[in-house]
Structure formats: structure tokens, C-alpha cells
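Each chain is listed here by its residues.
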Amino acid sequence: MAELLTSEHKLKRIIELEKTINEIKDVDVLLERVLTEARAIVHADAGSIYVVEKDNLKIRYAQNDTQQKRLDLGQKLPFQSFSFPINEKSMCGYCVLTQEMINEPDVYAISKDKKYSFNKSSDLLTGYRSKSIIAIPLTTVNGTCLGVLQIINPQNDQNEIVPFDDEAILYLKHFATSVTQALERTYLTREMVM
């Protein structure tokens, strides 16, 4: 994991990335880059991007530094594609339906009065421990949700997992807006080509 960035460096990186994002035409390249940069800006260990496909959310990209370190040099994490129905029971589904950001400092201690919960199956399968998660809807100006940016386990400079602070939330919200605009443009370009 890279070193923690100062606020000034984070802002410069976001501005530079926005310029780059606007030049990327390929959706897959765009999503992978978005996830990498969003995680770097808040010093997060893992993350994923989900896209809306009809009534489902489909995972498009996932990254996890802790699991990546367990592999031999040059190997990539095996990526499993899956989708699930958009409903209020999952964090990301709830995020899409309400178009509200979710910020849980400990997903294993989500309040019982919330409609959503954390699905522990991926953690159990991989041996990873998700803790602090933020899910941000990628919503267009006209109110269409294109997907969800989910960032997992931000870390302080001692590599301890910490909750997302106000500064991280501000950066990620700003970043999500730029990403949504680029995604929308990329989808429109793809439709025109087809």
C-alpha cells in the first residue's frame, strides 16, 4: 500500500485524474482506473465497483491489497463475476434504491434498525475481514443510478483500519460525481458505436 497522501496531494491527484478520466473511452479501463485511484486517495485496502444491469447489481471490478500480497509476484487475484437483485437488504442495493451514501464504521455491528445488512459470505470464503465500508451511488444528473463505488477498510499511517472521516467522504463524493459523468459519457459513446 502506498504512503498516506497529504490533503494537497490528494486534491492534485483528483484534478489530474479527472482530466485522465475524461479521455478514457473504454468502460472496463475506466472502471479499473476509478477503483484504483479512489482507494489510493483514501488509503483503502480494498474496494469494488458494481454496475446496474436491469434489476440486478453486477460486480465489475474488485481489488484487495491484503489478498493480493498472499499471491506470488505477477499473479492477479482470481476475479469472480456475480450479480444479485437490487433490494433494500444489501448495502449496495439499498444505496441504489435510496441513492444515498452508506458509511458503516463496522459492518459486523450494523444497527438492527437499518433495513440493510452486510453479507459475510465473501469474508468467510476468502478469510478477509471487512470492517469499515463506504458505498456511494453513481447517480446521473437526471437521477439514474449507474452503479455503486464501494471502498473497504481505509487505513491510517500505522496501517490500522479506521472509519472514513469527513475529508475522505468529501473526496469520494466529489470523485463519484466525476466518475458518474465519465461513465455516462462512455455508455453513450458505446451505444452510438453499436
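In this convention, every chain numbers its residues from 1, walking through the sequence in written order. The model is predicted, so local features are restricted to residues of pLDDT at least 70 and side-chain atom pairs to those at 80 or more, both for listing and for counting; the totals for chains, interfaces and linings are taken over all residues. To get the side-chain values, all heavy atoms of the structure are used, and hydrogens and water are removed first.

**Student:** How should the overall build of the protein be read in this particular structure?
**Tutor:** Secondary structure follows DSSP: runs of H or I at least 4 residues long count as helices, runs of E at least 2 residues long count as strands, and numbering of each begins at the N terminus. Tallying secondary structure elements over the protein gives six helices and six strands in all. The linear arrangement of helices and strands in the protein, starting from the amino end, is α-α-β-β-α-β-α-β-α-β-β-α. Just to be clear, the radius of gyration here is over C-alpha atoms, and the globule rule we use is 2.2 Å times residues to the power 0.38. Over its C-alpha trace the protein gives a radius of gyration of 16 Å, about what one expects of a compact globule, namely 16 Å for 194 residues. Dimensions of the protein, computed from the C-alpha atoms along their principal axes, are close to 45 × 35 × 35 Å.

**Student:** How do you make sense of the nonpolar core when you look at a structure like this?
**Tutor:** Note on soluble globular proteins: their nonpolar side chains tend to be buried together. As used in this record, nonpolar core signifies buried Ala, Val, Leu, Ile, Met, Phe, Trp, Tyr and Cys residues forming a set joined through side-chain atoms within 4.5 Å. Here the term buried applies to any residue with accessible area under 20% of the maximum for its type, exposed to any over 50%, and partly exposed to those in between, with areas from a 1.4 Å probe on protein chains only. One finds Leu149, Ile151 and Phe175 to be the most contacted residues of the largest nonpolar core, which totals 33 residues. Mapped onto this core, the elements with two or more residues apiece are helix H1 (7-23), helix H2 (27-42), strand S1 (44-53), strand S5 (133-139), strand S6 (145-154) and helix H6 (166-193). The dominant element in this core, judged by the number of residues it contributes, is H6, at 10 residues. In what follows, residue pairs with any heavy atoms lying within 4.5 Å of each other are defined as contacts. Apart from the residues within four sequence positions on either side, isoleucine 151 is in contact with Leu35, Ala38, Arg39, Val42, Ala44, Ala46, Gly47, Ser132, Ile133, Ile134, Phe164 and Leu172. Within the second largest apolar cluster, 22 residues are counted, among which are Tyr50, Ile86, Phe118 and Cys145.

**Student:** Hey, could you run me through unusual backbone geometry in this one?
**Tutor:** Generally, phi is negative for residues other than glycine and the peptide bonds are trans, each holding for most cases. In this model, histidine 43 sits at a positive phi of 55 degrees, which is unusual for a non-glycine residue. On the secondary structure map, histidine 43 appears in the loop between H2 and S1.

**Student:** Can you walk me through the confidence of the model for the protein in this structure?
**Tutor:** Parts of the model with low pLDDT should not have their predicted coordinates read in detail. Residues of the protein with pLDDT of at least 70 account for 93%, and the chain-wide mean is 87. Every residue is assigned a pLDDT by the predictor, reflecting its confidence on a scale from 0 to 100. Per-residue pLDDT, averaged within each element of the protein, yields its smallest value for H1 (77) and its largest for strand S4 (residues 102-104) (98).

**Student:** Looking at this model, I keep getting lost on the environment of glutamate 184. Mind explaining?
**Tutor:** Mapped onto the elements of the fold, glutamate 184 is located in helix H6. It is 32 Å that separates the C-alpha atoms of glutamate 184 and threonine 66, two residues lying 118 residues apart in sequence.

**Student:** Whenever I open this one, the side chain of serine 130 confuses me. Can you help?
**Tutor:** Position of serine 130 among the secondary structure elements: in the loop between helix H5 (121-126) and S5. Serine 130 sits in the buried class, given a relative accessible area of 5%. If we skip the residues at most four places from it in the chain, serine 130 touches Val107, Tyr108, Phe118, Asp123, Ile152 and Asn153.

**Student:** Please clarify how the pattern of salt bridges should be interpreted in this entry.
**Tutor:** A side chain of one charge can pair with a side chain of the opposite charge when the charged atoms of the two come close. Between Lys or Arg on one side and Asp or Glu on the other, a salt bridge is scored when a side-chain nitrogen of the former is within 4 Å of a carboxyl oxygen of the latter. Applying the stated criterion across every chain, the model contains seven salt bridges. Measuring nitrogen to oxygen at the nearest pair gives 2.3 Å for the salt bridge that ties aspartate 28 to arginine 60. You can see aspartate 28 sitting in helix H2 and its partner arginine 60 sitting in strand S2 (residues 56-64), a full 32 residues away along the chain. Of the residues examined, aspartate 28 reaches a relative accessible area of 31% and is grouped as partly exposed.

**Student:** Help me understand helix H4 (residues 91-98), please; the structure alone is not making it clear to me.
**Tutor:** Given 3.6 residues per turn, any residue in an α-helix points the same way as the ones three and four places further on. H4 sits mainly inside the fold: six of its eight residues count as buried. Of all the residues in H4, the buried ones are Met91, Cys92, Gly93, Tyr94, Cys95 and Val96. Buried residues belonging to H4 abut S1, S2, strand S3 (83-85), S4, S5 and S6. Taken from the residues just after H4, glutamine 99 is the one with a positive phi, measuring 55 degrees.

**Student:** Where do I start with the packing of aromatic side chains in this structure?
**Tutor:** Between two aromatic rings, the relevant description is the distance of the centres plus the angle of the planes. Aromatic rings from Phe, Tyr and Trp, taking only the six-membered ring of Trp, are treated as a pair when their centres fall within 6.5 Å; an angle between ring planes under 30 degrees marks them as stacked, one over 60 as edge-to-face, and anything in between as tilted. Per the stated rule, a full pass over the model turns up five aromatic pairs. Measuring from ring centre to ring centre gives 5.1 Å for tyrosine 94 and tyrosine 116, while their planes differ by 50 degrees; the resulting arrangement is tilted. Here tyrosine 116 lies in the loop between S4 and H5 and tyrosine 94 lies in helix H4, a separation of 22 residues in the sequence. Classification of tyrosine 94 by relative accessible area gives buried; the value is 17%. Given the relative accessible area of 8%, tyrosine 116 is considered buried. Following the ring pairs from residue to residue traces out a cluster consisting of Tyr50, Phe82 and Phe84.

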